[in-house]
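# Topology and contacts: notes
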Amino acid sequence: MKIYIDGTFYPEADAKISVFDHGLLYGDGIFEGIRFYNGRVFRLEEHLDRLFDSARAINLAIPMTKQELTEATLNTIRTNELRDGYVRLIITRGVGNLGLSPDRCNKPTVIIISGAIALYPEEMYEIGLNVITCSTRRIAPAALSPTVKSLNYLNNVIAKIEANQAGAAEGIMLNEQGFVAECTGDNVFALKRGTLLTPTIASGALRGITREVVIEMAADMGIPLREMQMTTYDLYTADECFLTGTAAEVIAMVRLDGRTIGDGKPGEVTRKFVERFRVLTQSSGTAIYE
Ligand code: PMP
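What counts, and where the lines are drawn
Residues numbered from 1 in each chain as written. Predicted model: local features only at pLDDT ≥ 70, side-chain atom pairs only at ≥ 80, totals over all residues. Heavy atoms only, no water. Helix = DSSP H or I, 4+ residues; strand = E, 2+ residues; numbered from the N terminus. Expected span 1.5 Å × (residues − 1). Buried < 20%, exposed > 50% of the residue type's maximum accessible area, 1.4 Å probe, protein only. Arc of directions from axis to C-beta. Contact = heavy atoms within 4.5 Å. Domains from an automatic or database assignment. Buried area = accessible area lost by both parts, 1.4 Å probe. Salt bridge = Lys/Arg side-chain N within 4 Å of Asp/Glu carboxyl O. Polar contact = N/O pair within 3.5 Å; in protein donor to acceptor, adjacent residues only side chain to side chain. Near = heavy atom within 4 Å. Areas by Shrake-Rupley, 256 points an atom, 1.4 Å probe, with all protein chains shown as cover. 1 Å grid on protein atoms, 1.4 Å probe; cavity = no way out; pocket = protein on both sides within 12 Å on 5 of 7 lines; lining within 4 Å. Sits in = over half its atoms within 2 Å of the grid points. Nonpolar A, V, L, I, M, F, W, Y, C, P; charged D, E, K, R; others polar. Points joined across faces, edges and corners; volume = space filled by probe spheres on them. Phe/Tyr/Trp six-rings, centres within 6.5 Å; stacked < 30°, edge-to-face > 60°.

## Observations regarding helix α8 (residues 268-283)
With 16 residues, α8 extends 23 Å from end C-alpha to end C-alpha; this agrees with the ideal 22 Å at 1.5 Å per step. Within α8, burial applies to Val269, Thr270, Phe273, Val274, Phe277 and Thr281. Angular distribution of buried residues about the axis of α8 spans 145 degrees; they occupy a single face of the element. Summarising the contacts, the buried residues of α8 are in contact with β3 (29-37), β10 (187-192), β11 (195-199), α6 (209-220), β13 (240-245) and β14 (249-256). Two residues or fewer after α8 comes Gly285, characterised by a positive phi angle close to 125 degrees.

This is the structure we're talking about:
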């Protein structure tokens, strides 16, 4: 696999950055995870918009235009001759010194890595996920907005470890007030008496691209949607729950904190979203090869 770093492609073994890069020293940087299916990149523009928003929010000037980054992304996939996979864009503050201040970081580092994606095994989509509520709270927006997709994922990593140690595949993260924010790497939805519920972005969720797609699909399907402050009660008592994310796509959550959600199987509406999402990813997106 060839890795893009600042305009040059390197073999994996030679794809290296400085130990003085503030992306490593301080998690100072941003990223995007993007999928491509059947030779097309899914929602590339939306991902790049979010990347540039993340950059602006942390006062980082990406040293490329959106168009240049689009081309670099497509070129990375082309160079690796891939049609289905995952592409990770990383922009770090760049090489500086050991000091916290980015004053000495003259140029952000741009890294693009493409490859295969480790999805949940197919049987997880058939049976649904067992999830716990993590004791680790989602970082407060006043500390670092969860809408910034930053390289500072330690909050999520700790919560993910907690979920995994409890034998769960994902973990629900609450905000400081105790309202549901999102999962460690996914957004969450509940279906209750025909209405789709999801936490507001202000609850401490990433503005998930898959979340936005599900909201659009719900409108197409005539399913009413409420973005609201939610507690675990809303998830425990839902008829169906599912998680959304670029890597996970749409996947049912059938158990939470030892409670069975609905009848304990992926629900009918969840299955429709899973199916529609798969059709959409196979049939839309930015063409890589023509
Ligand atoms: N929340 C967090 C914390 C995430 O890391 C992700 C994955 N990017 C998501 C939600 C889902 O967002 P998306 O649908 O854009 O992948």
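## Overview of the domain arrangement of the protein
Along its sequence, the protein is organised into domain 1 (2-115) and domain 2 (122-282). When each unit is reduced to the centre of its C-alpha atoms, the spacing between domain 1 and domain 2 is 26 Å. Tallying the contact residues gives 25 residues for domain 1 and 20 residues for domain 2. Between domain 1 and domain 2 the total buried area reaches about 1800 Å² when both faces are included, carbon and sulfur atoms providing 60% of it. Taken together, the links from domain 1 to domain 2 amount to 2 salt bridges. Of the charged contacts in the structure, one is a salt bridge between Glu216 and Arg43, with a shortest N-O distance of 3.1 Å. In this structure, the connection of domain 1 to domain 2 is made through 12 residue pairs in polar contact (both at pLDDT 80 or more).

## A short note on the site of the ligand
Neighbouring residues of the ligand: 17 residues in total, closest Lys149, Tyr153, Glu182, Thr210 and Thr246. In the model, an oxygen atom of the ligand is placed 2.8 Å from a nitrogen or oxygen of the Arg50 side chain. One nitrogen or oxygen atom from the side chain of Lys149 is found 2.7 Å from a nitrogen atom belonging to the ligand. In isolation the ligand has 390 Å² of accessible area, and contact with the protein removes 95% of it. When each cavity is represented as a set of grid points, the ligand is found to reside in the largest pocket. Elements supplying a minimum of two residues to the shell around the ligand: α6 and β13. Split into classes, the residues belonging to the shell around the ligand amount to 3 nonpolar, 9 polar and 5 charged.

## A few points about the environment of Thr246
In this fold, Thr246 is placed in the loop between β13 and β14. Looking at Thr246, the relative accessible area reads 19%, which means it is buried. Sequence separation between Thr246 and Gly185 is 61 residues; the distance between their C-alpha atoms is 9.1 Å. The residues contacting Thr246, other than those within four sequence positions of it, are Gly33, Ile34, Arg35, Tyr37, His47, Tyr86 and Thr210.

## So, the side chain of Arg211
Along the chain, Arg211 turns up in helix α6. The residues contacting Arg211, other than those within four sequence positions of it, are Asn187, Phe189, Thr198, Pro199, Thr200, Ile201, Leu206, Glu227 and Thr244.

## Considering the layout of surface pockets
In this structure, the largest pocket occupies an estimated 660 Å³ of space. Around the largest pocket, the lining comprises 31 residues; the ones closest to its centre are Lys149, Thr184, Gly185, Asp186 and Ala247. In terms of residue count, helix α5 (residues 154-165) provides more of the lining of the largest pocket than any other element does, 3 residues in total. Looking at the lining of the largest pocket residue by residue, the class counts come to 13 nonpolar, 10 polar and 8 charged. Counting contributing residues, the lining of the largest pocket receives three or more from each of domain 1 (2-115) and domain 2 (122-282). Put simply, the second largest pocket is a space of about 240 Å³. Forming the boundary of the second largest pocket are 13 residues, of which Glu46, Arg50, Asp53, Arg207 and Ile209 lie nearest the centre.

## What about empty space enclosed by the protein?
On inspection of all chains with the given rule, the structure shows 1 cavity of 30 Å³ or more. Volume-wise, the largest cavity comes out at about 40 Å³. What lines the largest cavity is simply Arg35, Tyr37, Phe42, His47, Ile209, Thr210, Thr246 and Phe277. Contributions of two or more residues to the lining of the largest cavity are made by β3 and α6.

## Structural notes on the packing of aromatic side chains
Going through the model one piece at a time under the given rule, you end up with 6 aromatic pairs. Arranged with centres 5.2 Å apart and planes meeting at 15 degrees, the rings of Phe189 and Phe242 form a pair that is stacked. In this pair, Phe189 sits in strand β10 while Phe242 sits in strand β13, placing the two residues 53 residues apart along the sequence. Taking relative accessible area as the criterion, Phe242 reaches 1% and is therefore assigned buried.

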